[in-house]
Amino acid sequence: MKILLGIGGGIAAYKAAELARLLMERGHEVQAIMTAGAQEFVRPLTFAALTGRKVLTDLFAIESAIEHISVAQEHDLLVVAPATADLIAKLAHGLADDFLSTLYLAFRGPVVVAPAMNVNMWEHPATQKNVETLRQRGHRIAGPGEGYLACGMTGAGRLVDPEAIANAIARETERRRDLEGETVLITAGPTQEPLDPVRYISNRSSGKMGYALAEAAAARGAQVTLISGPVHLAPPRGVKVISVRTAVEMRDQVFANLGAAGIVIKSAAVADFHLARVPDQKVKKTAARMSVEFDPTPDILFELGRKKGDRLLIGFAAETQNLQQEARRKMESKNCDMVVGNLVGGSESGFESDENEVVLVLCTGETIPVPRSSKREIAERIFDEVLKLRLALHAAHGR
Ligand code: PMT
């Protein structure tokens with residue numbers, strides 16, 4: 001692999017030399033890029049000698065006028081180690097004022113970030129928010145480790161061992177393009193069911209879980225169609241997004257786009273009931289109390305279960321209690337291959353939040369708890385398990 005090693009300006013910069021050596025030893029080509037701060041701690045010559053390549057340092061050198069673009073295009077992975085608080089903030093906010101931060105914006109591949117800083121700086125809400133932004137973007141955060149820090153304090157903030165960073169890179173590359181050639185259909189967000197021309201009923205789904213799945217699948221090389229209810233999220237890069245409003249519209253678009261999909265994931269929070277006939281005019285307040293009769297919406301997942309053929313069908317189950325049992329019941333009754341059980345109702349996971357905690361219930365009988373982490377990390381884990389499940393089903397039934 002061709003790896004870009006971005007070195008930030010911290011005392012741990014010297015450990016990046018060991019990382020460069022280790023990556024070379026593992027057979028990778030390494031291109032070092034140093035910030036001005038990094039060059040205060042270690043001379044570029046060290047990295048030039050270790051990698052056998054000129055170190056990139058200056059955005060404004062004549063020969064680097066557009067080099068950050070071509071360098072970004074020619075490499076497979078970017079690792080930033082050590083990533084200082086300043087560098088993390090720049091990456092999170094897209095500031096581009098030197099070679100490394102400019103190259104970062106031009107780079108399309110996987111990114112591993114290894115933070116190193118003082119414990120108070122690490123724990124500061126601004127840094128934590130920036131790290132979360134990078135995590136949500138799908139970057140792998142390696143560390144930091146805990147222990148004695150160069151500033152004399154003890155706590156989280158140490159650059160993790162070069163070996164651990166190299167292993168994080170290895171894990172990142174393994175899953176990198178493992179969905180190449182796959183077509184994935186994902187639903188996300190809520191549906192809105194009109195009560196009259198100006199009112200509707202809906203639910204708290206933000207779409208974040210489904211969009212994270214779409215981003216992960218696209219990053220791993222899949223062709224992705226995302227059928228989305230009304231949300232306030234930017235369309236994921238490289239994903240075909242079809243916007244719908246109601247359960248009926250979602251159903252129609254799911255079956256219109258099912259075609260080549262080999263993996264179907266229903267993470268949308270589809271309304272279970274709607275008004276079969278919506279009044280043409282705004283309902284007037286004519287009485288102190290009113291009651292409305294709802295009809296069931298089409299159960300898209302159930303219908304998919306009957307028509308899935310060789311596809312892998314993954315449903316979600318949003319539950320406030322008996323998570324595992326309910327997830328398994330839904331998996332069986334809707335003929336899914338996996339159901340992602342999602343405890344909802346709390347403030348820390350499920351609806352709206354950036355994080356989630358789920359249990360994967362598989363048709364093989366396996367149950368896999370996935371601890372609280374960002375929705376993007378949960379999405380990556382779901383695809384890891386989907387691919388393993390496909391292999392297991394192939395082996396068992398030739399499916
Ligand atoms: O969008 P976020 O804010 O990120 O929140 C994520 C989430 C909580 C919405 C998501 O993780 C989740 O749990 N999605 C499923 C929500 C849901 O509707 O669960 P359910 O148990 O009611 O439905 C079970 C399954 O049937 C789901 O796959 C659902 O998409 C599907 N369904 C439900 C009703 C219906 N009419 N048609 C369906 O296909």
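Residues numbered from 1 in each chain as written. Predicted model: local features only at pLDDT ≥ 70, side-chain atom pairs only at ≥ 80, totals over all residues. Heavy atoms only, no water.

Engineer: Mind showing me how you'd approach the overall build of the chain here?
Structural biologist: Along the backbone of the chain there are 14 helices and 19 strands. By principal-axis analysis of the C-alpha atoms, the chain measures approximately 75 × 55 × 45 Å. In the chain, which comprises 399 residues, the share counted as buried stands at 52%. Taking the intrachain contacts of the chain between residues at least 6 apart in sequence as the baseline, contacts between residues at least 24 apart amount to 67%. Summed over its atoms, the accessible surface of the chain is roughly 18,900 Å², and 51% of this surface lies on carbon and sulfur atoms. Distance between charge centres in the chain, computed from 47 positive and 48 negative side chains, equals 4 Å. (Helix = DSSP H or I, 4+ residues; strand = E, 2+ residues; numbered from the N terminus. Buried < 20%, exposed > 50% of the residue type's maximum accessible area, 1.4 Å probe, protein only. Contact = heavy atoms within 4.5 Å. Areas by Shrake-Rupley, 256 points an atom, 1.4 Å probe, with all protein chains shown as cover. Lys, Arg positive; Asp, Glu negative; His and termini not counted. Charge placed at Lys NZ, Arg CZ, Asp CG, Glu CD.)

Engineer: Looking at this structure, how should I read the sheet that holds strand β17 (residues 338-343)?
Structural biologist: Hydrogen bonding along the main chain pairs the strands of a sheet, whether they run parallel or antiparallel. Strand order in the open sheet formed by eight strands is β12-β11-β8-β13-β16-β17-β18-β19, and the pairing between neighbours is mixed. Both edges of this open sheet fall to β12 (239-243) and β19 (367-374), since each of them pairs with a single strand only. For this sheet the average axis-to-axis angle between neighbouring strands, irrespective of direction, equals 20 degrees. (Pairing = 2+ DSSP bridges. Axes fitted to C-alpha atoms, helices over the stretch in contact; angles between N-to-C directions.)

Engineer: Teacher, can you tell me more about the packing of helix α1 (residues 13-25) against helix α3 (residues 44-51) here?
Structural biologist: The axes of two packed helices give the description: the angle between them and the distance between them. Running from amino to carboxyl end, α1 crosses α3 at an angle of 10 degrees, the nearest separation of the two axes being 9 Å. Here α1 is positioned roughly parallel relative to α3, judged by the angle of their axes. Taking contact as the criterion, the partners of A13, A16, A17, A20, R21 and M24 in α1 are, on α3, T46, F47, L50 and T51. Split into classes, the residues belonging to the contact of α1 with α3 amount to seven nonpolar, two polar and one charged. (Parallel < 35°, antiparallel > 145°, perpendicular 65-115°, else oblique. Nonpolar A, V, L, I, M, F, W, Y, C, P; charged D, E, K, R; others polar.)

Engineer: Looking at this model, I keep getting lost on the environment of L4. Mind explaining?
Structural biologist: Looking at where L4 falls in the secondary structure, it is placed in strand β1 (residues 2-7). In this structure, the C-alpha to C-alpha distance between L4 and L78, residues 74 residues apart in sequence, is 4.6 Å. When near neighbours in sequence (up to four residues on either side) are disregarded, L4 contacts Q31, I33, V71, H75, L77, L78, V79, L103 and F107.

Engineer: Help me understand the site of the ligand in this model?
Structural biologist: Surrounding the ligand, one finds 30 residues, the nearest of these being S205, S206, K330, N342 and E352. Within the contact set of the ligand, an oxygen atom lies 2.6 Å away from a side-chain nitrogen or oxygen of S205. At a separation of 2.8 Å, an oxygen atom of the ligand approaches a polar backbone atom of L301. Taken by itself the ligand offers 780 Å² of open surface, and the protein chains cover 95% of this. Ranked by the residues each element gives to the shell around the ligand, the list is headed by strand β16 (residues 312-319), at four residues. (Near = heavy atom within 4 Å. Polar contact = N/O pair within 3.5 Å; in protein donor to acceptor, adjacent residues only side chain to side chain.)

Engineer: Whenever I open this one, the domain arrangement of the chain confuses me. Can you help?
Structural biologist: Interfaces are frequently sized by the accessible area removed from exposure as the parts join. Split by domain assignment, the chain resolves into domain 1 (2-176) and domain 2 (183-276 + 286-396). For domain 1 versus domain 2, the distance between C-alpha centres works out to 35 Å. At the interface, eight residues of domain 1 touch 13 residues of domain 2. On the surface where domain 1 and domain 2 come into contact, there are one salt bridge. Connecting domain 1 to domain 2 are three residue pairs in polar contact (both at pLDDT 80 or more). (Domains from an automatic or database assignment. Salt bridge = Lys/Arg side-chain N within 4 Å of Asp/Glu carboxyl O.)

Engineer: Just to check I follow, could you spell out the sheet that holds strand β4 (residues 111-115) for this structure?
Structural biologist: An order of β2-β1-β3-β4-β5 is seen for the five strands of this open sheet, with the pairing classed as parallel. Only two strands of the sheet have a single partner each, and these edge strands are β2 (29-34) and β5 (140-141). Pairing analysis gives four bridges linking strand β3 (residues 77-83) to β4, with the strands arranged parallel. From the neighbouring strand, V80 faces β4, where its bridge partner is V113.

Engineer: Which parts of the structure should I look at to understand the state of the cysteines?
Structural biologist: Working definition: the covalent bond between the sulfur atoms of two cysteines is a disulfide. Taken as a whole and assessed by the stated rule, the structure comprises zero disulfides. The thiol of C336 is not disulfide-bonded; the next cysteine sulfur, from C363, is found 9.5 Å away. The class of C336 is buried, set by a relative accessible area of 5%. Owing to a relative accessible area of 34%, C363 belongs among the partly exposed residues under this scheme. (Disulfide = S-S within 2.5 Å.)

Engineer: Looking at this structure, how should I read a nonpolar patch on the surface?
Structural biologist: A cluster of nonpolar side chains, namely I201, F273, M290, V292 and F294, defines an oily patch on the protein surface of about 440 Å² accessible area. Mapping F273 onto the fold places it in strand β14 (residues 273-274). (Patch = residues over 30% accessible without salt bridge, like charges linked within 9 Å, V, L, I, M, F, W, Y side chains within 5 Å.)

Engineer: For this particular structure, what's the right way to read the environment of F107?
Structural biologist: Within the fold, F107 resides in the loop between α6 (99-106) and β4. The exposure class assigned to F107 is buried, which follows from its relative accessible area of 5%. For the pair F107 and L77, spaced 30 residues apart in the sequence, the C-alpha separation amounts to 8.6 Å. Leave out the neighbours within four places in its chain, and F107 touches L4, A72, H75, D76, L77 and L78.

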